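Commentary on secondary and tertiary structure
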Amino acid sequence: MACLIARRRRLLLLRASILAVFLAGFAFPSVSAVSYRRPRRRPDLHVARRLDENDSTPQQVHISMVGSDKMRISWITDDPTPATVDYGTASGNYANSSTGTTSSYRYMLYNSGQIHDVVIGPLQPNTVYYYRCGGNAGRQFNFKTAPPTFPIKFAIVGDLGQTEHTNSTLQHISQSSYDMLLLPGDLSYADFWQPRWDSFGRMVEPLASQRPWMVTQGNHEVERIPVVHSSSFTAYNARWRMPFEESGSTSNLYYSFDVAGAHVVMLGSYTDFGPSSAQYKWLQSDMAKVDRSKTPWILALIHAPWYNTNTAHQGESESVDMKRDMESLLYNARVDVVFAGHVHAYERFVSLVFPNSLVKNNISKDKADDCGPVHITIGDGGNREGLATKFRNTGGEKISVFREASFGHGELEVVNATHAQWTWHRNDDGESVCSDAVWLTSLSSLTSCKA
Ligand SMILES: [Fe+2]
């Protein structure tokens, strides 16, 4: 369906790759990659303020879903302007208006612009709304709300950054008819240089102002410098406020929400996750509250992957210890899919993985389990650090079924309460090529997996 390789060029590539995959199979039996000349790493792009904008012009506009029928509109101005959003269902005709809050932050010598957050609604599902920010008539935006029921399509990508590769990824996502974007951490790669956050906000605005972008944080969001700037997540929390209070969370670093029959859990890999932590207790409570008759699907997002056969990021606490502490909560709740970033490559694991893995003498003892989540690493958005090109030769049970070091993005189309199609789209010379596809069955529909 969504993964047709139609062009003759693709067929030729496929034929050529069959031999390569056959040969590679002797050395790395779980690899399912085709031959591909990987792009070199690219430097950051800088997206400057538009020439027709002044200090009062709304910029870096992005939206996020709040509850079942509201939307948070976030934007930045250089000068103080009203935190108001005018909106309606006809272009230029704003029947409604809401007021929110304005904040700013300081990071060493950098002073942020005025960061405005306004929650609007109630809104109708699956409906296009037109809106303007701060009463500014010069820029009108529009977005579409998520559908109330299946089908719904998520675009999923982590470790975006802001390079030419990122631009390719964003262009492909914009062509995908997606309803909501899920981002498992590492957004701007500002890495302490705060103007990069502004550049990133301008880069993603064309997409993020039109569909809800629901994000969680990665290591590049921490931005803590001992003594000099001792707070963590200063820019991330100020610029990318997510609806955490609505799910009973006390932190912007972890939260959950329901959309169209899916319960989506956004976890924080870089905040406390141990059994006595606030996040652990919140997750325990959140999982207990899930009603599978209302949300037959549960998706979870983390940044540092719990399963990973790439040589990059092995043995990190955020992977190993968080997995040890939290995996049973997700497993027992029958979470369907866990998406991660951090590793700059794509990897999909067999359905499904048992939460009792251990590594001894570098040999994985992970086991497949039909009632555990599918784990997918999608840290391939296109950042400036380049790709993680080396994979380990895995021993034991073959749980990694597709892995490839290429930039790209994923799409999860949840068709109904029982079935969803996952596809991975590689950026091939700037063109989106569907390179991996699999149908998933919701665990709530399997009587053998009833919790
Ligand atoms: Fe990362």
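The coordinates are above.
Our subject in this report is the structure included herewith. Computed from a predicted model, the values in this text were never measured in an experiment.

**Re the overall build of the protein**
Within the protein one finds 6 helices and 25 strands. Looking at the protein as a whole, 48% of its 451 residues are labelled buried. For the protein, the share of sequence-separated contacts (at least 6 apart) that also reach a separation of at least 24 residues comes to 71%.

**Observations regarding helix 6 (residues 317-332)**
For the α-helix, the turn length of 3.6 residues means that residues three or four positions removed from each other point alike. When the terminal C-alpha atoms of helix 6 are compared, their 22 Å separation across 16 residues agrees well with the 22 Å that a helix rising 1.5 Å per residue should span. Considering bend angle alone, the principal kink of helix 6 is centred on Lys323 and spans about 50°. Buried residues of helix 6: Glu318, Ser319, Met322, Lys323, Met326, Glu327, Leu329, Leu330 and Tyr331, and no others. One or two steps after helix 6, the chain reaches Arg334, where phi turns positive at roughly 60°.

**Quick notes on the nonpolar core**
One finds Leu182, Met214, Ala300 and Phe339 to be the most contacted residues of the largest nonpolar core, which totals 103 residues. Each of domain 1 (61-144) and domain 2 (152-449) contributes no fewer than three residues to this core. Residues contacting Leu182, with those up to four places away along its chain left out, are Phe154, Ile156, Met214, Val264, Leu301 and Phe339.

**Comments concerning the sheet that holds strand 10 (residues 141-144)**
On the basis of which strands lie adjacent, the open sheet formed by 4 strands has the order 4-3-9-10 and antiparallel pairing. With partners counted over all chains shown, the strands left at the sheet margins are strand 4 (96-99) and strand 10, one partner each. Averaged over all adjacent pairs, the angle separating strand axes in this sheet is 30°, with direction ignored. Of the strand pairs in this sheet, strand 9 (residues 128-133) and strand 10 are connected by 4 bridges, and their pairing is antiparallel. When the bridges of strand 10 are listed, Tyr131 appears paired with Phe141.

**Things to note about the sheet that holds strand 13 (residues 213-216)**
The strand order across the open sheet formed by 6 strands is 13-12-11-23-24-25, and the pairing between neighbours is mixed. Only two strands of the sheet have a single neighbouring strand rather than two, namely strand 13 and strand 25 (431-441). Put simply, the sheet's adjacent strands are angled 20° from each other on average, direction ignored. Here strand 24 (residues 419-428) pairs with strand 25 via 10 bridges, running antiparallel. Looking at the pairing, Asn427 lines up with Ser432 of strand 25. Contacts between helix 2 (residues 164-174) and the sheet are confined to strand 11 (152-156), strand 12 (180-184), strand 23 (408-414), strand 24 and strand 25, with strand 24 contributing the most and set at about 140° to the helix.

**Some remarks on the packing of helix 2 against helix 3 (residues 195-208)**
Running from amino to carboxyl end, helix 2 crosses helix 3 at an angle of 10°, the nearest separation of the two axes being 10 Å. If you check the angle between helix 2 and helix 3, you find them roughly parallel. Between helix 2, through Thr166, Leu170, Ile173 and Ser174, and helix 3, the contact on the second element is made entirely by Met203, Val204 and Leu207. When its residues are assigned to classes, the contact of helix 2 with helix 3 shows 5 nonpolar, 2 polar and no charged.

**Regarding helix 5 (residues 278-289)**
Here helix 5 spans 17 Å end to end across 12 residues, near enough to the 16 Å set by a 1.5 Å rise per residue. In this structure, the buried side of helix 5 is in contact with helix 6.

**Considerations on the packing of helix 5 against helix 6**
Two packed helices can be described by the angle between their axes and the distance between those axes. Relative to each other, helix 5 and helix 6 sit at 10°, their axes nearing to 10 Å. With respect to their mutual orientation, helix 5 and helix 6 come out roughly parallel. Taken together, the residues of helix 6 that come into contact with helix 5 (itself represented by Tyr280, Leu283, Gln284 and Met287) are Asp325, Met326 and Leu329.

**Overview of the environment of Pro147**
Summarising the element assignment, Pro147 is placed in the loop between strand 10 and strand 11. A sequence separation of 33 residues divides Pro147 from Met180, and the C-alpha atoms of the two residues are 9.9 Å apart. Leaving out residues up to four positions away in the same chain, Pro147 has contacts with Pro125, Asn126, Ile152, Asp179 and Ala260.

**Remarks on the pairing of strand 2 (residues 70-77)**
Counting buried residues in strand 2 gives 7 out of 8 residues, a clear majority hidden from the surface. Strand direction decides the pairing type here: strand 1 (residues 59-66) and strand 2, joined by 6 bridges, are antiparallel. Directly across from Met65, in strand 2, lies its bridge partner Met71. Examined bridge by bridge, strand 2 and strand 8 (residues 114-120) share 7 bridges and lie antiparallel to one another. Bridged to Ser74 within strand 8 is Asp117.

**Focus on the environment of Ser445**
Topologically, Ser445 is positioned in the segment after strand 25. Taking the C-beta count within 10 Å as the criterion, Ser445 has 15 such neighbours and is therefore assigned partly exposed. Each C-alpha atom of the pair Ser445 and Ala417 lies 7.7 Å from the other, and the pair is 28 residues apart in sequence. If we ignore the near neighbours within four places in the chain, the residues touching Ser445 are Pro296, Ala417 and Thr418.

The rules behind the values
- Residue positions within a chain follow its written sequence, with the count starting from 1.
- A pLDDT threshold of at least 70 governs which residues receive local features in this predicted model, and a stricter bar of 80 or more applies before side-chain atom pairs are shown or counted, although totals over entire chains, interfaces and linings include all residues.
- Under the DSSP-based scheme used, a helix requires at least four consecutive residues in state H or I and a strand at least two consecutive residues in state E, with every element numbered from the N terminus.
- Field definition: a residue is buried when 20 or more other C-beta atoms are found within 10 Å of its C-beta, exposed when 12 or fewer are, and partly exposed for counts in between, with C-beta atoms placed from the backbone.
- Once C-beta atoms are placed from the backbone, any two residues with those atoms within 7 Å are in contact.
- Residue count minus one, scaled by 1.5 Å, sets the expected span of a helix.
- Two axes enter the definition of the bend at a residue: one is fitted to the seven residues ending there, the other to the seven starting there, and the bend is the angle between them.
- A set of buried residues qualifies as a nonpolar core if it consists of Ala, Val, Leu, Ile, Met, Phe, Trp, Tyr and Cys joined through C-beta atoms within 7 Å.
- In this entry, domain limits derive from an automatic or database-based domain assignment.
- Whether two strands pair comes down to DSSP finding at least two bridges between them.
- Whenever a helix is involved, its axis is fitted only over the stretch in contact; in every case the axis is a line through C-alpha atoms, and angles between N-to-C directions fall within 0 to 180 degrees.
- Convention used here: angles under 35 degrees read as roughly parallel, angles over 145 as roughly antiparallel, angles from 65 to 115 as roughly perpendicular, and any remaining angle as oblique.
- Classification convention: Asp, Glu, Lys, Arg as charged; Ala, Val, Leu, Ile, Met, Phe, Trp, Tyr, Cys, Pro as nonpolar; all other residues, Gly among them, as polar.

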